[in-house]
Amino acid sequence: MGMHMNEGGDDLQEAHDINVTPFIDVMLVLLIIFMVAAPLATVDVKVDLPASTAQPTPRPEQPIYLSIKQDHSLYIGNDRVEPDLLGSTLDQQTKGDKEETIFVRGDEDVDYGQLMEVMDLLRAAGYLKIGLVGLETVGKP
């Protein structure tokens, strides 16, 4: 709250103006936080996803994506992982929560046998909740 000085006299008169500078500062800080955090929430591994006509389900706050590329390499998020280290890496990502859903993103050219091998690795590691990710299409493919 600002004060105005009067010439003469000891009484100070209150100014009823709103100081908006703190509000602008807070909004700018929030804008910067969202601009920095938004690119970190995506996965940059290029995969050709097959299309699906199923109704999409709501996405969790911090999903864990397991990507299978055409050359059968595995990625958790943007980091490549060897098949024998898949269980321990997932344990680190989920903090040991075996009930967390793992979203599998498979390249369109990955064969069914390779997909089943990865699903077997997930089951052996104790992760039984698996979601398959595909592209959404409108109508019939």
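Summary of the structure given here. The structure presented is a predicted model; accordingly, all values stated were derived computationally and were not measured.

So, the packing of aromatic side chains
Okay, step 1: Going through the model one piece at a time under the given rule, you end up with one aromatic pair.
Okay, step 2: Ring geometry for Tyr65 against Phe103: centres 6.0 Å apart, planes inclined by 45 degrees, an arrangement best described as tilted. Of this pair, Tyr65 sits in strand E4 (residues 64–68) while Phe103 sits in strand E7 (residues 102–106), placing them 38 residues apart in sequence. Each of the two residues, Tyr65 as well as Phe103, counts as buried.

Observations concerning the pattern of salt bridges
Okay, step 1: One pass over the structure, following the stated rule, counts three salt bridges.
Okay, step 2: Among the ionic pairs, Lys98 bridges to Asp91, the shortest N-O distance being 3.0 Å.
Okay, step 3: Relative accessible area serves as the criterion here: at 30%, Lys98 is assigned to the partly exposed category.
Okay, step 4: Two residues, Glu99 and Lys129, come together in a salt bridge whose shortest N-O distance is 3.4 Å. Here Glu99, found in the loop between helix H2 (86–94) and E7, pairs with Lys129, found in the loop between helix H3 (112–124) and strand E8 (130–133); they are 30 residues apart in sequence, far enough to count as distant.
Okay, step 5: Taking the relative accessible area as the measure of exposure, Glu99 reaches 52% and is therefore exposed.

Here is what the cut-offs are and how they apply
- Residues numbered from 1 in each chain as written.
- Predicted model: local features only at pLDDT ≥ 70, side-chain atom pairs only at ≥ 80, totals over all residues.
- Heavy atoms only, no water.
- Phe/Tyr/Trp six-rings, centres within 6.5 Å; stacked < 30°, edge-to-face > 60°.
- Helix = DSSP H or I, 4+ residues; strand = E, 2+ residues; numbered from the N terminus.
- Buried < 20%, exposed > 50% of the residue type's maximum accessible area, 1.4 Å probe, protein only.
- Salt bridge = Lys/Arg side-chain N within 4 Å of Asp/Glu carboxyl O.

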